[in-house]
Amino acid sequence: MANRREPPVSSDRALDAEYIEQRRESIEHPLLRLFVEFGQGSRRWFAIGVLSSTLARFLSLIPPVLLGVAIDSLFENTKAFTLPYVPTAWLPETTAAQFWFAVVVMAVAMVGAAVLNFVRQSTLNLFSHRVKHEVRTASYQRMQRLDMEFFNEMQTGELMSILSNDTNRLEQFLDSMMGEAIQLGVLILGTAAILTAINPQLAAVTLAVIPVAGAFTYWFMRVAEERYADVRSSVGDLNSRLENNLGGIEVIKSSNTEGYEDERVREHSYNYFRLDWLALRLNFVYRPGLEALISISFVLTFVVGGLWVITGTAPGPLTGTLSTGDLVIFLLLTQRLVEPLSQMGTIVDRYEDAKASTKRILGLMSIPVSIENAPDATALDTVAGRVEYDDVSFGYGEERVLHDIDFTAEPGDTVGLVGPTGAGKTTVLKLLLRLYDVDEGAIRVDGHDVRDLTLESLRGAIGYVGQENFLFDGTVRENIRYGKFDADDAAVIEAAKRAEAHEFIANLPEGYDTDIGERGVKLSGGQRQRVAIARTILQDPAILIFDEATSAVDTETELLIQRSIDDLAADRTTFAIAHRLSTVRDADRVLVLDDGRIAERGTHEELIGEDGLYANLWRVQAGEIGDLPEEFVARASERVAQQTPDSAGTD
Ligand SMILES: Nc1ncnc2c1ncn2[C@@H]1O[C@H](COP(=O)(O)OP(=O)(O)OP(=O)(O)O)[C@@H](O)[C@H]1O
């Protein structure tokens, strides 16, 4: 399943919401593709299910036919004992034998249908659950490998809705409704064949309604398809809203915005309700309409057939004779169409639902990945840690964020990246991790372009500690071991000690086995940070990135963390992004970024000597605000003004 990845497509096209929608809409024959791509391993279950479904329906048609035949040939004795499509030579000759033959065949047909229905249900359920499992794991696998650009664009709630609700909807269709659909098809064809064999003229009257029902259903499907697609999107929107709000519950409470959020959720929920109602309303017309059509067919058959039997002559243009038994078969079989045909609404409903869901799933899976292993990618074995930026330029969208970034870090060097907010520091290092690809220039690790390396070996060589590190729900031990699952307990404790985390972990109620809650909420910011550092220490990467790793903690914790960072950085290539310039004071080199360019470079002392941007930033932090040049203050307020719309925007 992992190989079901499309070839890389050059990302000239921005991965925005419109593009994602287009991918979804371009999916043709979604359910067929679902079968071909995900049903392969379970084909035999599907085949058994279809076969038993067909046979069960076929068997269920036998008792009404036998009843009609028995009325005419055994009870009324007006006709010979014959069955449609069965050679007379196969049937018994005496009345008693014919009677017992009818009894036994009826009983066998009924029991047989029950057994086959059991087989049908279990096999189709097995098939649908397997497909659901395959689809869910494959779509997750695929989604996880999509470019960061995609995750910037898509809301988590929307993705959750695809991975969870949409796959569940498939199952609903595949296990019950698909079986029903097959049975309905067999029922209509079987009934039509039997009725036509008994009396083709009356059959024409009874079955005249089928094409009308077909046209009606076609109309319903066309209109319903659009409406269901809208319903699915609105569920995604609602989920995204809820997901966002639950994630930001602290902000909502502290900003007193419960009322505002109530209103926003109400709006999304109302939109979902409205679209769902629109789709449902269609059902209110369709289902009773279909039932009315079948009732008309039943009444018409009863009127025409009844008059035919009572008067003994064919009404209107019809010719020939009709026996009571034949009329009973007609009425029983027509009556039997009512229930399954009224199910047609639900079948089409679920079918449209499943189609919309499959489009969303396959649409997600068809999004091209541009950041993946090149066909001839090489793996970095032993990493010295030489990192070279060769005239790198990059933009997230149209607009350039980095221009001509050019520097080299020798193995073991510590490089500090400083500069005003939004200058591009984090972006520089995201490119090293190949979360995005450069637009121009190249980044090389030990002389290899990062695009020629396997992603596993590149990212395995780099340890990243950010400002807010994500911890998984689980124990402290599991979180430290994350990514190096074979590390033994002694190694975990050693890493925690080096990260200055052992002491606080030992004081937790259950030590290393303490559950830290979702996202590590049961730990303080500084504790989370130290667990993340311990995790990086355990991974033992040759290259380290600290992205403002100490900015969210108090001074004492900062001291502890800084000590462990210094220890870790001693013999590795290290990049440290810092707002607090004292953190990078001892760096081998400091790069000062301004507006996506390297404005200054050198050691702390050299940069202070230059008396440029760095020296001014240093003065700000030293509290020497009065000594700042006017143009620096003017630039700073300009930059802050530029940042405001971004930072103030919610979503
Ligand atoms: N995912 C993204 N999509 C689009 N634009 C982005 C994205 N991430 C960052 N940017 C933009 O790129 C520019 C550089 O951002 P970056 O995070 O690299 O700056 P920074 O120097 O690390 O800032 P800070 O010190 O505030 O963390 C900013 O203008 C920012 O708005």
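Note that the coordinates shown come from a computational prediction; the quantities given were computed from them, not determined experimentally.

## Some points on the overall build of the protein chain
And step 1. Assigned secondary structure in the protein chain consists of 21 helices and 10 strands.
And step 2. Counting only C-alpha atoms and orienting by the principal axes, one finds that the protein chain spans roughly 120 × 50 × 50 Å.
And step 3. Looking at the protein chain residue by residue over its 651 residues, the buried ones come to 46%.
And step 4. Counting only contacts in the protein chain whose residues sit at least 6 apart along the sequence, the fraction spanning at least 24 positions is 77%.
And step 5. Carbon and sulfur atoms provide 56% of the accessible area of the protein chain, an area that totals close to 32,100 Å².
And step 6. If the 60 positive side-chain charges of the protein chain are averaged to one point and the 95 negative ones to another, these points end up 6 Å apart.

## Quick word on the nonpolar core
And step 1. Residues Leu-34, Phe-38, Phe-150 and Leu-202 are the most contacted members of the largest nonpolar core, which totals 61 residues.
And step 2. Secondary structure elements with two or more residues in this core: α2 (30–38), α3 (43–75), α4 (95–144), α6 (156–198), α7 (200–207), α10 (258–311) and α11 (324–365).
And step 3. It is α11 that contributes the most residues to this core, 13 residues altogether.
And step 4. Among the nonpolar cores identified, the runner-up in size contains 34 residues, and Val-438, Ile-443, Leu-453 and Ile-545 belong to it.

## Overview of the UniProt feature "transmembrane region" (unreviewed entry) in the protein chain
And step 1. Under the local residue numbering, the UniProt record ascribes the feature "transmembrane region" (unreviewed entry) to residues 45–71, 99–119, 181–198, 204–221 and 290–310.
And step 2. Secondary structure over residues 181–198 splits into 100% helix and 0% strand, and the C-alpha atoms at its two ends are 26 Å apart.
And step 3. Secondary structure content for residues 290–310 is 100% helix and 0% strand, while the C-alpha to C-alpha distance between its ends is 30 Å.

## Things to note about the site of the ligand
And step 1. Lining the immediate surroundings of the ligand are 15 residues, of which Thr-421, Gly-424, Lys-425, Thr-426 and Thr-427 lie closest.
And step 2. Between Gly-424 and the ligand, the recorded distance is 2.9 Å, taken from a backbone N or O atom to an oxygen atom.
And step 3. Within the side chain of Thr-427, a nitrogen or oxygen atom sits 2.4 Å from an oxygen atom of the ligand.
And step 4. For the ligand, whose accessible area on its own is 630 Å², the fraction buried by protein is 67%.
And step 5. Tallying contributions element by element places helix α12 (residues 425–432) first for the shell around the ligand, with three residues.

## Remarks on the UniProt feature "domain: ABC transmembrane type-1" (unreviewed entry) in the protein chain
And step 1. As recorded in UniProt, the feature "domain: ABC transmembrane type-1" (unreviewed entry) lies at residues 47–353.
And step 2. Across residues 47–353, the secondary structure splits into 87% helix and 0% strand, with the terminal C-alpha atoms separated by 23 Å.

## A closer look at the sheet that holds strand β1 (residues 387–394)
And step 1. Reading across the sheet, the four strands line up as β2-β1-β4-β5 and stay open at both edges, with antiparallel pairing between neighbours. Because the sheet does not close on itself, it has two edges, and the strands there are β2 (402–409) and β5 (448–449).
And step 2. The pairing of β1 with strand β4 (residues 440–445) spans five bridges and is classified as antiparallel. Looking at β4, one finds that Ser-393 is bridged to Glu-440.
And step 3. Against the sheet, α12 touches β1, β2 and β4, its axis set at about 115 degrees to β1.

## A look at the packing of aromatic side chains
And step 1. Inspection of every chain in the model, using the stated rule, returns 20 aromatic pairs.
And step 2. When the ring of Phe-35 is compared with that of Phe-46, the centres are 5.1 Å apart and the planes differ by 65 degrees; the resulting orientation is edge-to-face. Of this pair, Phe-35 sits in helix α2 while Phe-46 sits in helix α3, placing them 11 residues apart in sequence.
And step 3. A residue is classified by how much of its surface remains accessible, and Phe-35, at 22% relative accessible area, is partly exposed.
And step 4. One aromatic cluster in this structure is built from Phe-216, Trp-219, Phe-220 and Tyr-286.

## A short note on the sheet that holds strand β3 (residues 414–418)
Strand pairing in a sheet relies on backbone hydrogen bonds. The paired strands run either parallel or antiparallel.
And step 1. The strand order across the open sheet formed by six strands is β6-β7-β8-β3-β9-β10, and the pairing between neighbours is mixed. Only two strands of the sheet have a single neighbouring strand rather than two, namely β6 (462–465) and β10 (597–602). The mean inter-strand angle of the sheet, taken between neighbouring strand axes irrespective of direction, is 20 degrees.
And step 2. As judged from the four bridges shared by β6 and strand β7 (residues 543–547), these two strands associate in the parallel manner.

## Notes on α7
Each full turn of the α-helix corresponds to 3.6 residues, which orients residues three or four apart in the same direction.
And step 1. Of all the residues in α7, the buried ones are Leu-202, Ala-203, Val-205, Thr-206 and Leu-207.
And step 2. Buried residues along α7 sit in contact with α6, α8 (209–247), α10 and α11.

## A word on the pairing of β4
And step 1. Here two bridges tie β4 to β5, and the two strands are oriented antiparallel to one another. Bridge assignment links Arg-444 to a residue of β5, and that residue is Asp-449.
And step 2. If you look at the hairpin formed by β4 and β5, you'll find two residues sitting between the two strands, and Asp-446 has a positive phi there, around 50 degrees.

## Focus: the packing of α3 against α4
And step 1. Their axes nearest at 7 Å, the elements α3 and α4 cross at an angle of 160 degrees. In terms of axis orientation, α3 runs roughly antiparallel to α4. The way α3 lies across α4 gives a crossing that is left-handed.
And step 2. Split by residue class, the contact of α3 with α4 holds 24 nonpolar, eight polar and two charged.

About the cut-offs
- Residues numbered from 1 in each chain as written.
- Predicted model: local features only at pLDDT ≥ 70, side-chain atom pairs only at ≥ 80, totals over all residues.
- Heavy atoms only, no water.
- Helix = DSSP H or I, 4+ residues; strand = E, 2+ residues; numbered from the N terminus.
- Buried < 20%, exposed > 50% of the residue type's maximum accessible area, 1.4 Å probe, protein only.
- Contact = heavy atoms within 4.5 Å.
- Areas by Shrake-Rupley, 256 points an atom, 1.4 Å probe, with all protein chains shown as cover.
- Lys, Arg positive; Asp, Glu negative; His and termini not counted.
- Charge placed at Lys NZ, Arg CZ, Asp CG, Glu CD.
- Core = buried A, V, L, I, M, F, W, Y, C linked by side-chain atoms within 4.5 Å.
- UniProt positions renumbered as here; feature names shortened; annotations may be inferred.
- Near = heavy atom within 4 Å.
- Polar contact = N/O pair within 3.5 Å; in protein donor to acceptor, adjacent residues only side chain to side chain.
- Pairing = 2+ DSSP bridges.
- Axes fitted to C-alpha atoms, helices over the stretch in contact; angles between N-to-C directions.
- Phe/Tyr/Trp six-rings, centres within 6.5 Å; stacked < 30°, edge-to-face > 60°.
- Parallel < 35°, antiparallel > 145°, perpendicular 65-115°, else oblique.
- Left-handed = near helix turned anticlockwise from the far one by under 90°.
- Nonpolar A, V, L, I, M, F, W, Y, C, P; charged D, E, K, R; others polar.

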